[in-house]
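Notes for the structure review
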Amino acid sequence: MVPSEVRALFSVASRPGVVSLAGGMPDVTALPADALGELLGELAVTRTAVALQYGSAQGDPALRERICEVMAMEGIRARADDVVVTVGSQQALDLTARIFLDPDDVVVTEAPTYVTALNVFAAYQARIVSVPMDSDGVIPNALEETLRRLAEAGRRPKLFYTVPTFHNPVGVTLADARRPAVVDICGRAGVLIVEDNPYGLLAFDHQPRRALRADAPDGVLYLGSFSKTLAPAFRVGWALAPPSVRDKLVLAAEGAILSHSVLAQLVVERCLATQPWPEHLKAMREMYRERRDAMLDALATWMPPGCLWTRPDGGFFVWVTLPPGVDSKEMLARAVAAGVAYVPGSGFFADGTGHGHLRLSYSHPAPELIREGVRRLAGLLTATADM
Ligand code: PMP
């Protein structure tokens, strides 16, 4: 196990005066705090015997029903029986790795990919094989070619781990036209897709995308989360799995945590049942869209020639490609001294490449601060280019 570059940055990025465009944290100050506070108090008092007790490792049944309604927004038809509540979707990833991976097993991922997924796979001693992406997400031909090469070498990967919608760290989305191809390629190769989708409902310009899972119930293990749409504090995520996998996930969850916080699950369930969820999602989308716009405007205004960046239409992240020769990891200390923090690209690549990239997040600072942070970063890059 190695420390995540994102975690290591938290203390630096939270220094006074530093604009952090590093961590992908939601803005929880925009939540209906009074309503959530009332629900917490009310549930602890009126449902004490249940809310403060151990619960099942599969999760609260009423919450699992609500989770099915949430997934229906992405075209998924699911039974509450097949949902396993987890401690954030991070735990779903860990449990998935625990039940599938033996040392030296192959996991195929996008390159770059979610850094903490890489850490999970590394902890189970998996071998990562990466597939490139472009502005339409993972490239199907490259995926097919990779699986073919592995098959020729006698290796069948256990999993294809993907963040198809509003990717972390790149911000791009797998094009609708590519989705059937990805499902088909993995299906033919007998590789289970792990669709990690914490950002899918934060679509700025469209209705939510149709999930991969919607068209491949047996070929996709879907992971979801309320961390970005509600609050990470509840630590409520979930896995939707084919029944054989679901039973193993529940067993693994029992071993890991015995029980979830029932109180947290009940708050989320009541919140979904009693608060205007579609309006809440709309408000979140508008807030993050305004911040995305502030970041893209600032990048277009200030970044020096030779820099490229993605244009996300949902989620939290912009991925920046730096001019040749500029190393984002090496530049970080100077960036912090100039009052801005980002995440260097190398942490998102299993092979430690990616020094010419960095990830910016627009989810947490207010738009004026986002502009100021980008202005500082662009100033530093301009000075670096002039040296
Ligand atoms: N997957 C991805 C792609 C993420 O970005 C995150 C959060 N950064 C997670 C999973 C885990 O989120 P949580 O455990 O809070 O649901």
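Keep in mind that this is a model prediction, so the values were computed, not measured.

Another aspect to go through is the domain arrangement of the protein. Looking at the protein, the domain boundaries give domain 1 (5-31 + 279-386) and domain 2 (33-274). For domain 1 versus domain 2, the distance between C-alpha centres works out to 25 Å. On the side of domain 2, 32 residues touch domain 1, which itself brings 27 residues to the contact. Each partner contributes to the roughly 2500 Å² buried at the junction of domain 1 and domain 2, and carbon and sulfur atoms together form 66% of this total. Between domain 1 and domain 2 we count 1 salt bridge in total. Connecting domain 1 to domain 2 are 10 residue pairs in polar contact (both at pLDDT 80 or more). Of all the secondary structure elements, the ones that give two or more residues to the side of domain 1 that touches domain 2 are helix H11 (277-302) and strand S11 (317-321). With 7 residues, the top contributor of residues to the side of domain 1 that touches domain 2 is H11.

This part covers the site of the ligand. The full set of residues close to the ligand is Gly 88, Ser 89, Gln 90, Tyr 114, Asn 168, Asp 196, Pro 198, Tyr 199, Ser 225, Ser 227, Lys 228 and Arg 235. In the environment of the ligand, an oxygen atom lies 3.0 Å from a nitrogen or oxygen atom belonging to the backbone of Gln 90. Here the ligand has 400 Å² of accessible area as a free molecule, and 91% of this is covered by the chains. It is helix H5 (residues 88-100) that provides the largest number of residues to the shell around the ligand, a total of 3 residues. Here the residues of the shell around the ligand sort into 3 nonpolar, 6 polar and 3 charged.

For the rest of this paragraph, the subject is the packing of aromatic side chains. On inspection of all chains with the given rule, the structure shows 10 aromatic pairs. Seen from their ring centres, Tyr 199 and Phe 316 are 5.2 Å apart, and the 65° between their planes marks the pair as edge-to-face. Placement of the pair is Tyr 199 in the loop between strand S7 (192-196) and strand S8 (220-225) and Phe 316 in the loop between strand S10 (308-309) and S11, with a sequence separation of 117 residues. In this structure Tyr 199 comes out as buried when scored by relative accessible area, which is 3%. You can call Phe 316 buried: its relative accessible area is 0%. Centroid distance Tyr 288 to Phe 316: 4.8 Å. Interplanar angle 50°. Geometry classified as tilted. On the criterion of sequence distance, the pair formed by Tyr 288 in helix H11 and Phe 316 in the loop between S10 and S11 is long-range, its members being 28 residues apart. Judged by relative accessible area, Tyr 288 falls into the buried class, the value being 0%.

Criteria and thresholds
Residues numbered from 1 in each chain as written. Predicted model: local features only at pLDDT ≥ 70, side-chain atom pairs only at ≥ 80, totals over all residues. Heavy atoms only, no water. Domains from an automatic or database assignment. Contact = heavy atoms within 4.5 Å. Buried area = accessible area lost by both parts, 1.4 Å probe. Salt bridge = Lys/Arg side-chain N within 4 Å of Asp/Glu carboxyl O. Polar contact = N/O pair within 3.5 Å; in protein donor to acceptor, adjacent residues only side chain to side chain. Helix = DSSP H or I, 4+ residues; strand = E, 2+ residues; numbered from the N terminus. Near = heavy atom within 4 Å. Areas by Shrake-Rupley, 256 points an atom, 1.4 Å probe, with all protein chains shown as cover. Nonpolar A, V, L, I, M, F, W, Y, C, P; charged D, E, K, R; others polar. Phe/Tyr/Trp six-rings, centres within 6.5 Å; stacked < 30°, edge-to-face > 60°. Buried < 20%, exposed > 50% of the residue type's maximum accessible area, 1.4 Å probe, protein only.

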